[in-house]
Amino acid sequence: MKEKLLKLWNAKQERKQDLLKRAQEATEVQELRSINSEMEVLNTEMTELRAMIDSLPDDEGDGEPNQGEHFTQGGEKRSAQPEGGFNPIATFKVGGEKRSDDVEDKFGTLEYRQAFKNYVVNGTPIPEEYRQELRANELTVVGEVGAVIPTTILNKVIEDITVEGKILGRITQTALQGGVEIPISDINPTATWLESENVVSDEQKAEMKAKLSFGYHVLEAKVAIGLLTSTVTLPMFEATVVKQLKKAMIKAIETSIVSGTGVGQPKGITTYDLPTNQIIKMDENSIGTVKQWASVEAAIPESDEDSVIYMMNKATWEKYLNGMTDSTGQKIGLGKINEKGQKILNGREVLTCDKFPSFDGCSENDIFGVVVNLEQYMLNSNLSMYYKKYFNEDTNKWVHKSLMIVDGKMAIGEIGTNQRSKKLVGAKGLLYLKKANVAV
């Protein structure tokens, strides 16, 4: 009986290999869908057969038990007895590497990395064992997600964007549960003397009342995948994927950190309704004066003196600060560049980035720069990334994109029941620099 089941399982495995080959050669969407449907049925039947085979004793007179023929993904025929009993799934290997059931991170194995490459380049369906795990993932809220980005690729992407991103390397990355309200006092704890621990200041009370809550926003980044079709080796393929993902993710996330609306995306540092004493306006005549920039320094609270930096467009820095001159045309030197290559204004670092418009390109009341402590920006994500590939029938092209669940906002909360009594908590070190029209 067991020998018959083994032969039946091997027949289905042969059919599976034939379908995989057809999937690599398929050019029509309908054909791929048909293959995927049959593959799902085959995987279900093979799983049931495996359970039946494992429950049966070895057939008498077989000589060596469980000597069924099995096939690897590359089409190699083998006759083997896996350790610990017959396990058909364990023989579905890539490059002859045996899959271990006790591997904690399935998405970091060489087997999955190769399967992911085959899926991206050739359209080969991801093996069912990984698809089942993907469906069980609690953060998979996007329908029809094709594949999980392998852990090795994801780690490299996260490492690189943290180092190469001008803003991402300075913010605080968290992995807090979405939908849970967190008091500002938990994010920005304050040390108190034990002798007076029962005496809580009004500011501390406000921080305990003001709360943050993160959502599950889906970041979609289109990937320029054309180069991948010409890659041959796995290392070359993964290096190309890392480069493309990194480029897309840095641009999308850093843009949202600066100007995100907070609706379906992170809330940017420039989208808060700050009190008037935290907004400094400059016109064309005053932006190039020492006195005007001294007024910005005067508005920075003493408690945030050592933690905040300037952020603005490079054109603003070069024209109005680095190029600032006195009435005789001599360079003042208010803006400097130190030995580390950092831009310095009034002893404070200036981070230039293209996420801000230049002063000349602004309209009245537009924000052209900020003073901010970037460590108070919370980027909340489980740092999992998914990949999806689908055929756009309108353009007759394959579309490749990556998906990531992420939210973010400043450690700023609101207290108060109505608009008039509402008060921001945790925003004292944030200043907006806005453009004003020249007074007539």
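The structure displayed is predicted, hence computed values, not measured ones.

Glancing now at the overall build of the protein chain. Secondary structure summary: the protein chain contains ten helices and 18 strands in total. For the protein chain, buried positions account for 47% of its 440 residues. Restricting to contacts in the protein chain with at least 6 residues of sequence separation, those with at least 24 account for 70%. Per element, the accessible surface of the protein chain, about 23,400 Å² overall, is 49% carbon and sulfur.

In this section: the pattern of salt bridges. Any two side chains of opposite charge can pair if their charged atoms end up close together. Applying the stated criterion to the full structure yields twelve salt bridges. Glu318 is the partner of Lys314 in a salt bridge, and the nearest nitrogen-oxygen pair spans 3.8 Å. In this pair, Lys314 and Glu318 both sit in helix α10 (residues 314-322), four residues apart, roughly one turn of the helix. A single salt-bridge network, built from bridges that share partners, covers Lys156, Asp160, Glu164 and Lys246.

Going through the model one piece at a time under the given rule, you end up with seven aromatic pairs. Taking the centre distance of 5.0 Å and the plane angle of 75 degrees together, the rings of Phe107 and Tyr112 count as edge-to-face. Neither Phe107 nor Tyr112 differs from the other in exposure class; each is buried. Site record: aromatic cluster; members linked through ring pairs are Phe116, Tyr119, Phe237 and Tyr387. Positioned above the aromatic ring of Tyr272 is the side chain of Lys267, whose terminal nitrogen or guanidinium carbon lies 4.7 Å from the ring centre. Above the plane of the ring of Phe214 lies Lys409, whose end atom (NZ or CZ) is 5.7 Å from the centre.

Time to look at the confidence of the model for the protein chain. For the protein chain, the mean per-residue pLDDT works out to 76, and 72% of the residues sit at or above 70. This stretch, residues 60-103, has a pLDDT under 50; its non-local contacts, to residues over four places away or in other chains, come to 81 contacts. Segment residues 135-144 is flagged for pLDDT under 50; beyond a separation of four residues in sequence, or across chains, it makes 15 contacts in the model.

Here we take up the side chain of Thr109. Within the secondary structure, Thr109 is located in the loop between β2 (77-79) and α3 (110-122). At 3.0 Å, the side chain of Thr109 forms a polar contact with the backbone oxygen of Lys106.

A word on the environment of Val425. Relative to the helices and strands, Val425 resides in strand β17 (residues 423-425). Measuring from C-alpha to C-alpha, the distance between Val425 and Ile415 comes to 7.4 Å, with ten residues separating the pair along the chain.

Tracing the backbone through its elements, the reader meets Ile309 in strand β9 (residues 309-312). Non-local contacts of Ile309, meaning those with residues more than four positions away in its chain, are made with Arg170, Arg348, Glu349, Leu351, Val370, Val371, Val372 and Leu374.

This paragraph deals with the sheet that holds strand β11 (residues 343-345). As summarised here, the arrangement of the seven strands in space is β8-β18-β13-β9-β12-β11-β10, forming an open sheet in which the pairing is mixed. Two strands bound the open sheet, and with one partner strand each, they are β8 (279-282) and β10 (335-337). Ignoring which end each strand starts from, the neighbouring axes of this sheet average 30 degrees apart. Here β11 pairs with strand β12 (residues 348-352) via three bridges, running antiparallel. Paired with Ile344 across the strands is Glu349, a residue of β12. Its contacts with the sheet put helix α9 (residues 290-299) on β8, β9, β11, β12, β13 (367-372) and β18 (431-435), and the angle it makes with β8 is roughly 175 degrees.

So, on to the packing of helix α5 (residues 151-164) against helix α8 (residues 234-259). Where α5 contacts α8, the two axes come as close as 9 Å, and the packing angle between them is 45 degrees. Relative to α8, the element α5 lies oblique. Between α5 and α8 lies a crossing whose hand is right-handed. From α5, Thr152, Ile153, Lys156, Val157, Asp160, Ile161 and Glu164 reach across to α8, where they touch Glu238, Val241, Val242, Leu245, Lys246 and Ile250. Each residue belonging to the contact of α5 with α8 can be placed in one class, and the counts come to seven nonpolar, one polar and five charged.

One non-glycine residue, Asn346, lies in positive phi territory at about 55 degrees. Looking at the secondary structure, you find Asn346 in the loop between β11 and β12. Notably, Asn365 is not glycine yet its phi reads approximately 75 degrees, a positive angle. As for its placement among the helices and strands, Asn365 is situated in the loop between β12 and β13.

What follows covers the packing of α3 against α8. Between α3 and α8, the shortest axis-to-axis distance is 11 Å and the interhelical angle comes to 70 degrees. Our classification of the angle between α3 and α8 gives roughly perpendicular. In the crossing of α3 with α8, the sense of the turn from one axis to the other is left-handed. Of the residues in α8, those touching α3 at Leu110, Arg113, Gln114, Phe116, Lys117, Val120 and Val121 are Leu234, Phe237 and Glu238. Across the contact of α3 with α8, the residue classes break down as six nonpolar, one polar and three charged.

Parameters at a glance
- Residues numbered from 1 in each chain as written.
- Predicted model: local features only at pLDDT ≥ 70, side-chain atom pairs only at ≥ 80, totals over all residues.
- Heavy atoms only, no water.
- Helix = DSSP H or I, 4+ residues; strand = E, 2+ residues; numbered from the N terminus.
- Buried < 20%, exposed > 50% of the residue type's maximum accessible area, 1.4 Å probe, protein only.
- Contact = heavy atoms within 4.5 Å.
- Areas by Shrake-Rupley, 256 points an atom, 1.4 Å probe, with all protein chains shown as cover.
- Salt bridge = Lys/Arg side-chain N within 4 Å of Asp/Glu carboxyl O.
- Phe/Tyr/Trp six-rings, centres within 6.5 Å; stacked < 30°, edge-to-face > 60°.
- Lys NZ or Arg CZ within 6 Å of the ring centre and 35° of its normal.
- pLDDT = per-residue confidence, 0-100.
- Polar contact = N/O pair within 3.5 Å; in protein donor to acceptor, adjacent residues only side chain to side chain.
- Pairing = 2+ DSSP bridges.
- Axes fitted to C-alpha atoms, helices over the stretch in contact; angles between N-to-C directions.
- Parallel < 35°, antiparallel > 145°, perpendicular 65-115°, else oblique.
- Left-handed = near helix turned anticlockwise from the far one by under 90°.
- Nonpolar A, V, L, I, M, F, W, Y, C, P; charged D, E, K, R; others polar.

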